[in-house]
Amino acid sequence: MTDDSIQRDAWARLDALASRPGVRSIRALFAADPERASRFSARLDDLTVDFSKTSIDGATRVALLDLALKAGLDMFRARLFSGAMVNTTEQRAAMHMALRSHLADHLQARDEPASAIAAAERARMADFVTRIHEGTLVGATGEPFHTVVNVGIGGSDLGPLMATEALTAAHGGIMHARFLSNVDATGAAAIMRTCDPAGTLILVASKTFTTDETMTNAHTLRQWIADSLGEDAVQHHFVALSTNTAAVAAFGIPSARMFGFRDWVGGRFSLWSPVGLSIALAAGWDAFEAMLEGGRAMDHHFRHADFADNLPVLLALIGIWHASVLGYGQHCVLAYDDRLRRFPAFLQQLEMESNGKSTRLDGSPVTRPTCPVLFGEPGTNAQHSFMQLIHQGTAIVPVDFILAARPDHDDAHAHRILAANAFAQAAALLQGKSRDAVTAEMRQAGLPEADIARLAPHRAFEGDRPSTTILVERLDPFTLGRLIALYEHKVAVQGFLWGINSFDQWGVELGKILAKGILPSLTQSAAGQHDPSTTALIVRFRELGGA
Ligand code: F6P
């Protein structure tokens, strides 16, 4: 048998399991196996992943693990950590793990000593952060920096923003952190209106240092600093986080104020790199380092644990069962933790930019659905907006619930309400409520029979809706690092099993090119050469006084 046919067999076995009658009934699985909660969960220390509320049974688990085995996931994992060129379309390694490694880990990225390169830059960052916090590195007027503005978009924004919020929400930050991503100038105006230029440090975070939105915003703030404090102040108030030394110099940022990384760090994996400087400035160096340590702990687990106990592998396989075998096209992430408010937005880029692909590595089209659409909100807010659809809508949307057992505040009562809601939502999705139960309840409440008959169909819940719960002891920086790396590796495993490249993003290019062509049409009298709908919209935009 060829490798391909072995894999085809593994997928066919999953399809056969999925076509068994009643396979989607999770309640039936619990009825048949009261020990299911412990048998279908796995742990890394306190970090518990409970997937008993999915339709994965013993046979399915074996078949999913078999798929991973037959596909050669162990070889892929070894190649990933060896710094091999896993990103074949860009001819790069994907070695973001080196950013959180120790020197002694000796990770390589193709021919480069990745651990050593990362450690050297980390030492420069640590020194810089210390001097800013001590107030020995100050602004052009001698005022200490109290505000940091991160100018960046995509991976140069979402990760730093998410982690900074997560690590500063409970206690407040050491510095005030602002994030400017969108090229909608309202954002830049708000920064200039509300920040004091003399105490503001501006980080231009851009791997390429060519991204239009970021460079437009960076130039706007550069002008603001130059106008407020003089041209000479630019070198004191700007820092570059990038791989593009020449473009940084051309912008006027001295090399001592540039923190670099290499092309083996993808944008959406870059919060561990100098791109995470805002996290360190706002939350403190110790918190940043603890987050890196958490990432490293998850790397170690992913690298060495058996697939059956390997949390990223399990999360990936659960997702594959849902998206590629059962055909569920959406995935919802509900963190019952306000500090993780931006975690779904971060995951949207991580998962959808990585695995939103339909072409396999060999150029052939995929034959199964790949990455589902990911969305989420903090619980309990989500319960009061879109959870209705997840309970009673036509689409089945698997949910990840994320919860810390211990809060970082002292309102135990509020935290118990939060936790009770997280558990209750998962339980409600599982149990549902039969029409009989609804009817009996309404009878007991004394409702007239006609009302009962009319309302019962609306008040019944199907149940058997899948969810996975990720429970941690507390959301400290170490655990945040573990969580992020957990999802990063999940994404890599899924991409591998789908046969796609998780580390490129060609799909974002076309829109960028078209925007460049459309821009002149917004100001010139001729609307330009575009499709008829776009041309009509440009004409109407100008009729309405646009540009
Ligand atoms: O357009 C998508 C993208 O390339 C992302 O992959 C990346 O995170 C973002 O743009 C920002 O890129 P850069 O850090 O180079 O400015």
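Since the model is a prediction, treat every value here as computed from it, not as a measurement.

The immediate surroundings of the ligand are formed by 14 residues, with Gly-155, Ser-156, Ser-206, Thr-208 and Thr-211 found nearest. The contact in question runs from an oxygen atom of the ligand to an N or O atom on the backbone of Gly-155, over 2.7 Å. At 2.5 Å from an oxygen atom of the ligand is found a side-chain nitrogen or oxygen belonging to Thr-211. Out of a free accessible area of 390 Å², the ligand has 88% covered by protein chains. Each residue belonging to the shell around the ligand can be placed in one class, and the counts come to two nonpolar, nine polar and three charged.

Among the secondary structure elements, Ser-242 is positioned in strand β6 (residues 238–242). Exposure remark for Ser-242: the relative accessible area of 0% places this residue in the buried category. Ignoring any residue separated from it by four or fewer positions in sequence, one finds Ser-242 in contact with Ser-206, Lys-207, Thr-208, Phe-209, Val-248, Met-258, Phe-259, Gly-260 and Phe-261.

With that settled, the discussion passes to the pattern of salt bridges. Going through the model one piece at a time under the given rule, you end up with 31 salt bridges. The shortest N-O distance in the salt bridge between Glu-121 and Arg-124 comes to 2.8 Å. With Glu-121 and Arg-124 both in helix α6 (residues 114–134), this residue pair falls three residues apart, about one helical turn. In this structure, Glu-231 engages Arg-222 in a salt bridge whose closest nitrogen and oxygen atoms are separated by 3.0 Å. Among the residues examined, Arg-222 registers a relative accessible area of 17% and is labelled buried.

With that settled, the discussion passes to the environment of Pro-457. Locating Pro-457 in the fold gives a position in helix α19 (residues 449–459). For Pro-457, a relative accessible area of 36% corresponds to the partly exposed category.

Within the open sheet, the five strands sit side by side as β4-β3-β5-β6-β7. Their pairing is parallel. Where the open sheet ends on each side, the last strands, each with one partner, are β4 (176–180) and β7 (258–260). Put simply, the sheet's adjacent strands are angled 20° from each other on average, direction ignored. Strand direction decides the pairing type here: strand β5 (residues 200–205) and β6, joined by four bridges, are parallel. Across the sheet, Val-204 pairs through a bridge with Ala-240, a residue of β6.

If you walk through the whole model with that rule in mind, you get twelve aromatic pairs. Ring geometry for Phe-76 and Phe-496: centres 4.7 Å apart, planes at 15°, overall stacked. Of this pair, Phe-76 sits in helix α5 (residues 73–81) while Phe-496 sits in helix α20 (residues 477–498); the two residues are 420 residues apart in sequence, bridging distant segments of the chain. Overall, the relative accessible area of 21% leaves Phe-496 in the partly exposed class. With 6.0 Å between their ring centres and 90° between their planes, Phe-209 and Phe-251 make a pair best called edge-to-face. Note that Phe-209 is positioned in the loop between β5 and α9 (212–229) and Phe-251 in helix α11 (residues 245–251), a separation of 42 residues in sequence. Residue classification places Phe-251 among the buried residues on the basis of a relative accessible area of 5%. In textbook terms, an aromatic cluster arises when at least three aromatic residues are bridged by ring pairs, as seen for Phe-209, Phe-238 and Phe-251.

Reading guide: rules and limits
Residues numbered from 1 in each chain as written. Predicted model: local features only at pLDDT ≥ 70, side-chain atom pairs only at ≥ 80, totals over all residues. Heavy atoms only, no water. Near = heavy atom within 4 Å. Polar contact = N/O pair within 3.5 Å; in protein donor to acceptor, adjacent residues only side chain to side chain. Areas by Shrake-Rupley, 256 points an atom, 1.4 Å probe, with all protein chains shown as cover. Nonpolar A, V, L, I, M, F, W, Y, C, P; charged D, E, K, R; others polar. Helix = DSSP H or I, 4+ residues; strand = E, 2+ residues; numbered from the N terminus. Buried < 20%, exposed > 50% of the residue type's maximum accessible area, 1.4 Å probe, protein only. Contact = heavy atoms within 4.5 Å. Salt bridge = Lys/Arg side-chain N within 4 Å of Asp/Glu carboxyl O. Pairing = 2+ DSSP bridges. Axes fitted to C-alpha atoms, helices over the stretch in contact; angles between N-to-C directions. Phe/Tyr/Trp six-rings, centres within 6.5 Å; stacked < 30°, edge-to-face > 60°.

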